[in-house]
Amino acid sequence: MRIVIADDAVLLREGLVRLLTESGHQVVAAVGDGDALVEAVVEHRPDVSIVDVRMPPTHTDEGLRAAVEARRLVPRTPILVLSQYVEVSYADDLLDTTGGSGGGIGYLLKDRVAAIDEFLDALRRVAAGGTVLDPEVVSQLFARRRRDDPLRELTPREREVLSLMAEGRSNTAIARALVVSDGAVEKHVRNIFTKLTLPPDTEQHRRVLAVLTYLRN
């Protein structure tokens, strides 16, 4: 994959460059601020970008705002955001860039980078157009769902399936996690679409809509 990295911490940035290069990927740009990220995405049109939420000058949400701007200028450009802490509002802002149509987004805690195989797998899924959210983010988004819950019709098992969908897992991966057959997962997914009254469309589009409903309630 062709990758852009945006992180003002030189050690982490160079560490990511080395890790990705040794894994067979090409880092086309490694930058340290939000403006440079936007320029790099527009210029290189990478397969995926890795972006730190907090960058200069204020070290608050410059990276996130730059990621949103990059997706505005290059629609659906895949971006994996890294954060030191769980910030649910940041996840919401990132999800808003999908417009309900998907297009590779991810939000992971920086600690996950240490689990190299899992991190690289998440990066591949985002580059392929998937949605990957840190389990801690999913947990907090779920915890603050509104009382008027459109998910109330789902069974506990269907909620489990939807939770794993929100982490970006495929039906096969969900089946492995729950120790059930692929067919059972497909049935649960169909039931979820029906109960959430999602109109017939492409499978991927309905998955994104289902995940957005889950995360925002």
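Position labels on residues start from 1 in each chain and follow its written sequence. Confidence filtering applies because this is a predicted model: local features only for residues at pLDDT of at least 70, side-chain atom pairs given and counted only at 80 or more, and all residues used for totals across whole chains, interfaces and linings. Values shown for side chains rest on all heavy atoms present in the structure; no hydrogens or waters enter the calculation.

Visitor: Which parts of the structure should I look at to understand the sheet that holds strand 5 (residues 105-109)?
Guide: Hydrogen bonds between backbone groups are what pair the strands of a sheet, and the pairing can be parallel or antiparallel. Two strands qualify as a pair provided DSSP detects at least 2 bridges between them. Labels follow the DSSP assignment, with helices taken as runs of H or I lasting at least four residues and strands as runs of E lasting at least two, numbered in each case from the N terminus. The sheet built from six strands is open, its strands ordered 2-1-3-4-5-6 with parallel pairing. Two strands close off the open sheet at either side, each with one partner strand: strand 2 (26-31) and strand 6 (131-133). Between one strand and the next, the sheet's axes are offset by a mean angle of 15°, whatever the strand orientation. Alignment of strand 3 (residues 48-52) against strand 4 (residues 79-83), held across four bridges, turns out to be parallel. Across the sheet, Ile-50 pairs through a bridge with Leu-80, a residue of strand 4. The axes used here are C-alpha line fits, helices contributing only the stretch in contact, and every angle between their N-to-C directions lies in the interval 0 to 180 degrees.

Visitor: Any chance you could explain a negative patch on the surface here in plain terms?
Guide: Taken together, the side chains of Asp-33, Asp-35, Glu-39 and Glu-43 define an acidic patch exposed on the protein surface. Tracing the backbone through its elements, the reader meets Glu-39 in helix 2 (residues 34-44). Two joining distances apply to patches: 9 Å for like charges and 5 Å for nonpolar side chains (Val, Leu, Ile, Met, Phe, Trp, Tyr), and every residue must have over 30% relative accessible area and no salt bridge. To measure how exposed things are, a 1.4 Å probe is used in the Shrake-Rupley method; for residues, cover is taken only from the protein chains shown. Whenever Lys or Arg places a side-chain nitrogen within 4 Å of a carboxyl oxygen from Asp or Glu, that contact is recorded as a salt bridge. In this tally Asp and Glu are treated as negative and Lys and Arg as positive; neither His nor the chain ends contributes. Where a charge lies is defined by one atom per residue type, namely NZ (Lys), CZ (Arg), CG (Asp) and CD (Glu).

Visitor: Sorry, what's going on with helix 5 (residues 116-127) here?
Guide: For an α-helix, 3.6 residues make a turn, and residues three or four places apart therefore share a direction. When the terminal C-alpha atoms of helix 5 are compared, their 16 Å separation across twelve residues agrees well with the 16 Å that a helix rising 1.5 Å per residue should span. Turning to helix 5, its buried residues number three or more, namely Phe-119, Leu-120, Ala-122, Leu-123 and Val-126. Buried positions in helix 5, seen along its axis, are confined to an arc of 155° and lie on one side of it. Residues of helix 5 that are exposed and point more than 90 degrees away from the buried face comprise Asp-117 and Glu-118. The span one expects for a helix is its residue count, reduced by one, times 1.5 Å. Exposure classes here rest on a 1.4 Å probe applied to the protein chains alone. A residue is buried below 20% of its type maximum, exposed above 50%, and partly exposed in between. The reported arc concerns the directions from the helix axis to the C-beta atoms and nothing else.

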